[in-house]
Amino acid sequence: MAAPAPLRLGVNIDHVATVRNARGGDTPDPVRAALLAAQAGADGITAHLREDRRHITDADIERLATGLSVPLNLEMAATGEMLGIALRHRPHAACIVPEKREERTTEGGIDAAGQHNRLAPMVRELGAARIRVSLFIEPDPRQVSAAVSLGAPVVELHTGRYAELSGAAQVAELRRLSDAAALAAKNGIEVHMGHGLTFDNVAPIAAIPQVRELNIGHFLIGEAIFVGLEASVRRMKDLMEAARG
Ligand code: PXP
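About the criteria used
Sequence order as written defines the numbering, with residues in each chain counted from 1. Since the coordinates come from a predicted model, pLDDT governs what is reported: local features require at least 70, and pairs of side-chain atoms require 80 or more to be given and counted, while whole-chain, interface and lining totals use all residues. Hydrogens and water molecules were not included; the side-chain quantities draw on all heavy atoms of the structure. Basic side-chain nitrogens of Lys or Arg form a salt bridge, by our definition, when they fall within 4 Å of a carboxyl oxygen of Asp or Glu. Helix numbering and strand numbering both begin at the N terminus, where a helix is a DSSP run of H or I of at least 4 residues and a strand a DSSP run of E of at least 2. When DSSP finds two or more bridges between two strands, those strands count as paired. Every angle, taken between N-to-C directions, lies between 0 and 180 degrees, and every axis is a line fitted to C-alpha atoms, over only the stretch in contact when it is a helix. Take the buried residues of types Ala, Val, Leu, Ile, Met, Phe, Trp, Tyr and Cys, join any two whose side-chain atoms come within 4.5 Å, and each joined set is a nonpolar core. Note on exposure labels: buried denotes an accessible area under 20% of the residue type's maximum, exposed denotes more than 50%, and partly exposed covers the range between, all computed with a 1.4 Å probe on protein chains only. Any pair of residues with heavy atoms lying within 4.5 Å of one another is described as a contacting pair. Near is defined per residue: the residue qualifies when any heavy atom it owns lies within 4 Å of the molecule or strand. A 3.5 Å cut-off defines polar contacts: any pair of N or O atoms within that distance qualifies, except that in protein one atom must be a possible hydrogen donor and the other a possible acceptor, and neighbouring residues in sequence count only when both atoms are side-chain atoms. To be clear on the numbers: accessible area is Shrake-Rupley with a 1.4 Å probe, and residue cover counts the displayed protein chains and nothing else. In the scheme used here, Gly and all other residues not listed as nonpolar or charged are polar, with Ala, Val, Leu, Ile, Met, Phe, Trp, Tyr, Cys and Pro taken as nonpolar and Asp, Glu, Lys and Arg as charged. Of the grid points, spaced at 1 Å and generated over the protein atoms alone, those admitting a 1.4 Å probe that cannot get out make up cavities, while open sets with protein on both sides within 12 Å along at least five of seven lines make up pockets; any residue with an atom within 4 Å of a point is treated as lining. Grid points are joined across faces, edges and corners, and a volume is the space filled by probe spheres set on the points.

Student: So what's going on with the pattern of salt bridges? Which residues, and what values?
Tutor: For the structure shown, the criterion picks out 15 salt bridges. For R53, the salt bridge goes to D58, with nearest N and O atoms at 2.6 Å. For E230, the salt bridge goes to R234, with nearest N and O atoms at 3.9 Å. Of this pair, E230 and R234 both sit in helix α11 (residues 229–244), separated by four residues, roughly a single helical turn.

Structure, rendered in structure tokens:
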């Protein structure tokens, strides 16, 4: 049997900015973290410019857009403001996520099926600017079908529920992820996954053959406090490669 395609790691550096912003100064610098993560084997850098700018700022995006040797994946809400920012900076990829001001982190996938008409022009405009559009969705066949009809080249399947569950419920959620990945790939959509992944739960996700990229942030940045960012990123890459077989 052919070996599965390589699996990329996108390191989300938002929470380096969270720590910086706790004091309002310049350190720790998320761009420095991005460069170090790339040096340690990250295949890409992900950053979420939230509408309330609670971690990553416009100035961070400006520096990330010009200063990286690996692709930048900009996570953004489906708003006119964010579309303008993406078109100005032209990151390699833009991942459209739902956003609620009161949430602590992204709480679920975007309703691509329910918001089809609002998302369609955005997917078109980003695509026309050669930005690879990804829709962050739940592992639900309805949402995958909506991504197909929107013409999105990539979906990122939300692994947050998988990460929170255990036992048989987690196995069932893994099945949903793997079925959604197979459906997306069958329709020519590249599959990414992310949210809540850790050293302990990454292997079954990394072993899903259709998945091509994982985006991981909070755990890696937290672990960096104990072992350093390079060691944290390297270990995650090693675990992903081992699971890939
Ligand atoms: N993917 C998306 C679309 C996200 O919104 C986030 C969180 O910002 C992540 C991946 C990374 O999640 P975590 O920080 O839990 O690893």
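The structure having been displayed, the exposition proceeds.
Student: I'd like a description of the sheet that holds strand β6 (residues 154–158), backed by residues and values.
Tutor: Ordered by their spatial adjacency, eight strands build a closed barrel running β1-β2-β3-β4-β5-β6-β7-β8, and the pairing between neighbours is parallel. Taking the axes of each pair of neighbouring strands and ignoring which way they run, one obtains an average angle of 25 degrees across the sheet. Sheet analysis places strand β2 (residues 44–48) next to strand β3 (residues 72–76), joined by four bridges and oriented parallel. Bridging from a neighbouring strand, A47 pairs with L74 of β3.

Student: Kindly report on the nonpolar core, identifying the contributing residues and their values.
Tutor: Counting 73 residues, the largest nonpolar core has I45, L64, L126, L135, M193 and L214 as the members making the most contacts within it. No other element matches helix α5 (residues 116–128), which puts five residues into this core. Excluding anything up to four places from it in sequence, L126 contacts M76, L83, A86, L87, A94, I96, I131 and V133.

Student: Break down the site of the ligand for me, with residues and values.
Tutor: The environment of the ligand is made up of 13 residues, and the closest members are E75, E156, G196, G217 and H218. Contact distances for the ligand include 3.4 Å between an oxygen atom and a side-chain N or O atom of N12. E156 is positioned such that a nitrogen or oxygen atom in its side chain is 2.5 Å from a nitrogen atom of the ligand. Burial of the ligand by the protein amounts to 95% of the accessible area it has alone, namely 400 Å². Partitioning the shell around the ligand into residue classes produces three nonpolar, seven polar and three charged.

Student: Summarise the layout of surface pockets; cite the residues concerned and give the values.
Tutor: Estimates place the volume of the second largest pocket at around 410 Å³. Where the lining of the second largest pocket is concerned, the elements lending two or more residues are α1 (14–23), α2 (30–39) and α10 (218–227). In terms of residue count, α10 provides more of the lining of the second largest pocket than any other element does, five residues in total. Looking at the lining of the second largest pocket residue by residue, the class counts come to nine nonpolar, five polar and two charged.

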